[in-house]
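Chain by chain, the residues:
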Amino acid sequence: MSAGLRDNQQELVSFRRRLGVVVALILVCFGLLIARFVWLQIISYDSYHAQAEDNRISVVPTPPNRGVITDRNGVVLARNYSAYTLEITPSKIPAGQLDATIDQLARIIDIQPHHRRRFRQLMEETRTVGSLPIRNRLTDDEVARFAAWRFMFPAVEIKARLFREYPLGAVAGHVIGYIGRISAKDAERIEDWDNADDYKGTEYIGKVGIEQSYERELHGKTGFAEVEVSAGGKPVRTLGLTPATPGNNLVLSIDIRLQQMVEQLYGAKRGALVAIEPKTGDILAMVSRPGFDPNLFVDGIDPVNWKALNEDPDKPLLNRPLRGVYPPGSTFKPFMALAALETGKRTPNWSFHDTGVFNFGGRQFRDSKPGGNGVVDLHKAIVYSSDTYFYMLANDMGIDAIANFMRPFGFGEYTGIDMEGEKKGVLPSTEWKRNAFKRKEAQQWFAGETISVGIGQGYNSYTILQLGHAIATLANNGVVMRPHVVREVVDARSGERRATVPTQSYTIPLKRENIEVVKSGMIDVNRFGTGSAVFGNAPYVAAGKTGTAQVIGIKQGAKYNEALTPERYRDHSLFVAFAPADDPKIAVALIVENGGFGAKAAAPIARKVFDYWLLGKWPEELDDPRKAAALTTDDDESAAQAAPGDELGLPQPVAPDAQRDQVRDDLVAPPPAPRRPAPAAAPDGGAAAGGATGAAATGATAGGAASAATSGASPSAGGASGRGPAASNPAAVHGADPAAPRRDAPARPAPDPAIPARKEDTP
């Protein structure tokens with residue numbers, strides 16, 4: 001019995017122990033639970049409360065309105081409008097079902113093959129997890145049809161977005177540029193900017209032209225909307241709104257009527273022109289022909305259009321004034337003459353008997369005029385474009401003295417224009433050649449190479465922008481104004497205007513009497529010399545210089561025959577000028593590729609530019625702008641600047657086609673009136689242009705110069721024919737395929753809307 005009692009006691013003790021362990025375990029568990037509650041509700045309250053608010057409130061970025069771009073007279077060149085887009089989020093569609101989804105959508109909304117190709121291209125380029133547009137600018141009927149079938153497409157939605165539009169199409173396309181979707185490379189670049197946060201929610205960025213170089217001014221500051229959302233992520237209400245700040249507006253120095261006029265004058269010809277106001281550096285026109293329509297790129301260019309532009313032998317995507325390099329030909333001679341006077345190598349009265357041949361190193365460098373020009377001084381050498389005079393001058397000066405004098409004028413240097421992608425060109429010198437060639441034997445500069453440099457050939461290779469900048473500096477008596485396309489930046493909120501180039505860059509120390517000697521020669525070029533056939537009857541005094549630059553080399557003893565030469569191998573036609581000569585208001589430099597003698601193709605365009613700018617005269621052969629519809633100015637665009645409508649209560653989209661038709665059909669341009677009284681007429685020019693015409697400028701071409709810099713081949717100093725060897729590939733001058741046949745394209749038609757008269761034209 002005692003043994004049973006002991007067993008019961010032992011069991012009781014064991015039970016109490018087990019009970020104590022269980023109670024302790026329960027207390028520990030409750031303690032841990034209470035500690036966790038304290039951690040969550042007290043210690044970490046602020047953190048979890050913020051996370052809960054974030055789950056309840058969604059911060060939606062609101063992209064700003066991009067700034068408007070206008071010309072100097074208020075004509076709108078780039079603007080925004082709102083429209084609906086149909087967008088697909090590929091990440092929400094099961095693998096392999098994307099094509100089937102698009103096929104189903106095509107039954108409701110018109111989706112063409114090029115829409116599909118562009119959508120695939122966007123998927124490859126962006127690789128985003130967000131939505132991508134497959135159709136833009138939906139009509140109200142299409143929006144209504146999709147809304148009825150919305151439940152069938154969980155990965156598809158309609159969004160209201162702002163679109164960029166360039167009302168004039170291809171007019172000034174290279175200057176204005178275009179915007180496009182932000183690529184991975186663009187995103188990396190944006191991360192380094194101090195305003196990277198302003199690009200949240202932004203899908204487009206400037207790609208080329210002014211749209212690119214003034215991206216930060218145009219973009220604006222992103223706004224934010226605080227939206228309360230449900231557990232399913234659907235917006236319930238807007239709690240707060242920080243409006244976006246629109247981008248600043250840009251006023252260009254371009255006169256778009258002048259720009260359009262020049263583009264029409266070029267027609268189907270290839271070339272480039274730059275017109276500058278010497279006293280300010282304002283670029284009045286910057287033409288590159290052929291061009292392209294920037295509207296093609298806004299939504300992502302179709303592969304078919306891209307192939308057509310990219311494979312066109314005329315290279316419409318090449319910005320010729322900015323990136324095309326050419327030999328300046330005889331347009332280089334006025335600067336050589338000024339260098340001779342400034343360095344003391346020549347005086348105005350020094351003369352010699354020009355026999356039409358310059359002998360050097362056992363070779364003959366021939367003048368473009370057989371037999372020469374007789375007794376020639378500096379003035380006559382400019383007027384009649386004596387090659388022999390400048391052969392001798394270049395030999396006497398030496399290549400480094402030439403380079404040192406030309407560099408301050410911008411030759412072989414960046415002009416500093418407010419556009420990206422400018423080419424530097426080639427200003428030859430002994431140092432340049434050492435750096436340009438790898439083989440040591442090719443790095444030596446030979447004295448014979450200097451000869452053709454004196455007439456703007458040889459290694460000389462410059463952009464038309466550089467040539468225009470140099471002639472504007474000469475017209476401005478050595479005062480250098482940085483060339484610029486944007487005249488003013490206008491603050492979108494305050495309306496304050498900020499000039500982009502308020503003061504001069506520097507002044508080249510030149511003697512005024514030497515400048516006047518050179519200008520006198522250039523004036524007589526247009527009165528008696530190589531430009532007299534075009535400018536002889538002008539009611540104003542213009543100073544100019546013709547130029548002809550060869551594209552292919554001619555064997556010694558052979559004669560150049562333009563009629564027998566394929567079009568793409570013919571000489572380039574160049575011209576530089578400024579007017580009025582005593583108080584220059586405009587300076588131009590232009591080239592007509594394969595146009596022949598400078599006075600034949602280039603000078604007539606310059607004459608019409610001056611007639612328009614100084615006299616308000618529109619060329620008779622072009623369409624009368626008074627019979628066409630006018631364009632709207634920035635004051636008319638306030639409605640188009642509204643952001644797209646959405647659940648935040650922003651304005652609803654408008655129909656862009658109807659808006660453009662309203663602009664084009666309802667507004668009529670006023671008749672142009674003369675800008676100002678015509679200057680006093682120049683004295684009657686005596687004898688017709690005679691002597692050297694510059695049509696056979698000697699030395700190597702820009703193709704030879706440019707290709708020599710990359711291939712290691714040294715261009716010849718010149719040949720017996722006076723037309724030294726050029727590069728084997730003349731396409732190096734302008735990027736065209738020399739073997740490609742010239743297409744018999746009709747003259748390029750003017751854009752549908754006409755350009756209204758400038759403000760200065762209205763009394």
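Residues numbered from 1 in each chain as written. Predicted model: local features only at pLDDT ≥ 70, side-chain atom pairs only at ≥ 80, totals over all residues. Heavy atoms only, no water.

Some words on the overall build of the chain
A tally of helices and strands in the chain yields 25 helices and 25 strands. Within the span of the chain, comprising 763 residues, buried residues form 52% of the whole. Look at the contacts in the chain between residues 6 or more apart in sequence, and 77% of them connect residues 24 or more apart. By element, 54% of the accessible surface of the chain is carried by carbon and sulfur atoms, the whole surface being about 33500 Å². (Helix = DSSP H or I, 4+ residues; strand = E, 2+ residues; numbered from the N terminus. Buried < 20%, exposed > 50% of the residue type's maximum accessible area, 1.4 Å probe, protein only. Contact = heavy atoms within 4.5 Å. Areas by Shrake-Rupley, 256 points an atom, 1.4 Å probe, with all protein chains shown as cover.)

Quick notes on the nonpolar core
By size, the foremost hydrophobic cluster in this structure holds 94 residues, and its most contacted members are Ile210, Met286, Met406, Phe411 and Val485. Looking at this core element by element, the count peaks at eight residues for helix 20 (residues 464-475). Setting aside chain neighbours within four positions, we find Ile210 in contact with Ile69, Val175, Ile176, Gly177, Glu215, Leu218, Leu250, Leu252, Asp418, Met419, Val485 and Val486. Within the second largest apolar cluster, 35 residues are counted, among which are Ala285, Tyr540, Leu590 and Leu622. (Core = buried A, V, L, I, M, F, W, Y, C linked by side-chain atoms within 4.5 Å.)

A short note on the pattern of salt bridges
Two side chains of opposite charge can pair, provided their charged atoms sit close to one another. Scanning all chains against the criterion turns up 37 salt bridges. For Arg498, the salt bridge identified is with Glu217, shortest N-O distance 2.6 Å. With Arg498 in strand 21 (residues 497-499) and Glu217 in helix 9 (residues 215-219), this pair connects stretches of sequence that are 281 residues apart. A relative accessible area of 42% places Arg498 in the partly exposed class. (Salt bridge = Lys/Arg side-chain N within 4 Å of Asp/Glu carboxyl O.)

Focus on the sheet that holds strand 24 (residues 572-579)
Ordered by their spatial adjacency, five strands build an open sheet running 12-11-25-24-23, and the pairing between neighbours is antiparallel. In this open sheet, the two strands that pair with only one neighbour each are strand 12 (282-289) and strand 23 (543-549). The average undirected angle you get between the axes of adjacent strands in this sheet is 5°. Note: strand 24 against strand 25 (residues 586-592), seven bridges, orientation antiparallel. Across the sheet, Ala577 pairs through a bridge with Val588, a residue of strand 25. (Pairing = 2+ DSSP bridges. Axes fitted to C-alpha atoms, helices over the stretch in contact; angles between N-to-C directions.)

Quick notes on the UniProt feature "transmembrane region" (unreviewed entry) in the chain
The UniProt entry lists residues 21-39 under the feature "transmembrane region" (unreviewed entry), expressed in the numbering used here. Secondary structure within residues 21-39 divides into 100% helix and 0% strand; the distance between the first and last C-alpha atoms comes to 27 Å. (UniProt positions renumbered as here; feature names shortened; annotations may be inferred.)

With respect to the packing of helix 14 (residues 333-343) against helix 16 (residues 387-397)
Remark: helix 14 packs on helix 16, axes separated minimally by 11 Å, with the N-to-C direction vectors making an angle of 45°. Relative to helix 16, the element helix 14 lies oblique. Here helix 14 and helix 16 pass one another in a crossing that is left-handed. Residue-level inspection shows Lys333, Met336, Ala337, Ala339, Ala340 and Thr343 of helix 14 in contact with helix 16, the latter providing Asp387, Phe390, Leu393, Ala394 and Met397. (Parallel < 35°, antiparallel > 145°, perpendicular 65-115°, else oblique. Left-handed = near helix turned anticlockwise from the far one by under 90°.)

Digging into empty space enclosed by the protein
By the definition in use, this model includes four cavities of 30 Å³ or more. When its volume is computed, the second largest cavity comes out at roughly 50 Å³. Breaking the lining of the second largest cavity down by element, the ones donating at least two residues are strand 11 (271-277) and helix 20. Ranked by residues supplied to the lining of the second largest cavity, first place goes to helix 20 with three residues. (1 Å grid on protein atoms, 1.4 Å probe; cavity = no way out; pocket = protein on both sides within 12 Å on 5 of 7 lines; lining within 4 Å. Points joined across faces, edges and corners; volume = space filled by probe spheres on them.)

Section: the packing of helix 20 against helix 21 (residues 512-527)
Between helix 20 and helix 21, whose axes approach to 10 Å, the crossing angle comes to 115°. Two secondary-structure elements touch here, helix 20 through Ile471, Leu474 and Ala475 and helix 21 through Ile515, Val518, Lys519 and Met522. Here the contact of helix 20 with helix 21 is built from residues that sort into six nonpolar, no polar and one charged. (Nonpolar A, V, L, I, M, F, W, Y, C, P; charged D, E, K, R; others polar.)

Description of the pairing of strand 10 (residues 249-252)
Of the strand pairs in this sheet, strand 2 (residues 69-70) and strand 10 are connected by two bridges, and their pairing is parallel. Bridging across to strand 10, Ile69 finds its partner in Leu250. By the bridge criterion, four bridges tie strand 10 to strand 20 (residues 486-490) in an arrangement that is antiparallel. Bridge pairing in strand 20 places Val251 opposite Glu488.

Side note on unusual backbone geometry
In terms of backbone geometry, most residues other than glycine have negative phi values and most peptide bonds are trans. In this structure, Pro290 follows Arg289 across a cis peptide bond, with omega equal to 0°. With respect to the secondary-structure elements, Pro290 resides in the loop between strand 12 and helix 11 (295-298). Its identity is not glycine, yet Ala172 carries a phi of approximately 60°, on the positive side. Relative to the helices and strands, Ala172 is located in the loop between strand 5 (156-165) and helix 6 (173-176). Judged by relative accessible area, which is 5%, Ala172 ranks as buried. Residue Asn477 is not a glycine yet carries a positive backbone phi of 60°.

Overview of the packing of aromatic side chains
Under the criterion given, the structure shown has 31 aromatic pairs. The interplanar angle of 85° and the centroid separation of 6.1 Å between the aromatic rings of Tyr178 and Phe292 together place this pair among those described as edge-to-face. Pair noted here: Tyr178 is in strand 6 (residues 178-181) and Phe292 is in the loop between strand 12 and helix 11, with a separation of 114 residues, a long-range link. On the basis of relative accessibility, which here comes to 14%, the residue Tyr178 falls in the buried class. Put simply, the rings of Phe332, Phe335, Phe405, Phe409, Phe411 and Tyr462 touch in pairs and so form one group of aromatic residues. Positioned above the aromatic ring of Phe163, the side-chain terminus of Arg137 is 5.2 Å from the ring centre. It is Arg346 that lies over the ring of Trp350; its NZ or CZ is 4.2 Å from the centre. (Phe/Tyr/Trp six-rings, centres within 6.5 Å; stacked < 30°, edge-to-face > 60°. Lys NZ or Arg CZ within 6 Å of the ring centre and 35° of its normal.)

Details of the environment of Trp350
Take Trp350: it is sitting in the loop between helix 14 and strand 14 (351-354). For Trp350 and Val376, which are 26 residues apart along the polypeptide, the C-alpha to C-alpha distance reads 8.4 Å. When residues no more than four places from it in sequence are discounted, the contact partners of Trp350 are Val376, Asp377, Leu378, Tyr389 and Met392.

Details of helix 14
Since one α-helical turn is 3.6 residues long, residues separated by three or four positions face the same way. Along helix 14, nine of the eleven residues are buried, which leaves the element largely enclosed by surrounding structure. Buried within helix 14 are the following residues: Lys333, Pro334, Phe335, Met336, Ala337, Leu338, Ala339, Ala340 and Leu341. Among the structural elements, helix 15 (378-383), helix 16, helix 17 (399-406), helix 20, helix 21 and strand 23 are those in contact with the buried residues of helix 14. One or two positions beyond helix 14, positive phi appears at Gly344, with a value near 80°.

What about the pairing of strand 23?
Most of strand 23 is tucked away, with seven of its seven residues classed as buried. Of the two faces of strand 23, the one lined by Ala543, Lys545, Gly547 and Ala549 and the one lined by Gly544, Thr546 and Thr548 are each fully buried. Both strand 23 and strand 24 contribute to a ladder of seven bridges, which runs antiparallel. Residue pairing for strand 24: Gly547 is matched across the bridge by Leu574.

A closer look at the environment of Ala472
Within the secondary structure, Ala472 sits in helix 20. Non-local contacts of Ala472, meaning those with residues more than four positions away in its chain, are made with Ile276, Pro278 and Ala587.

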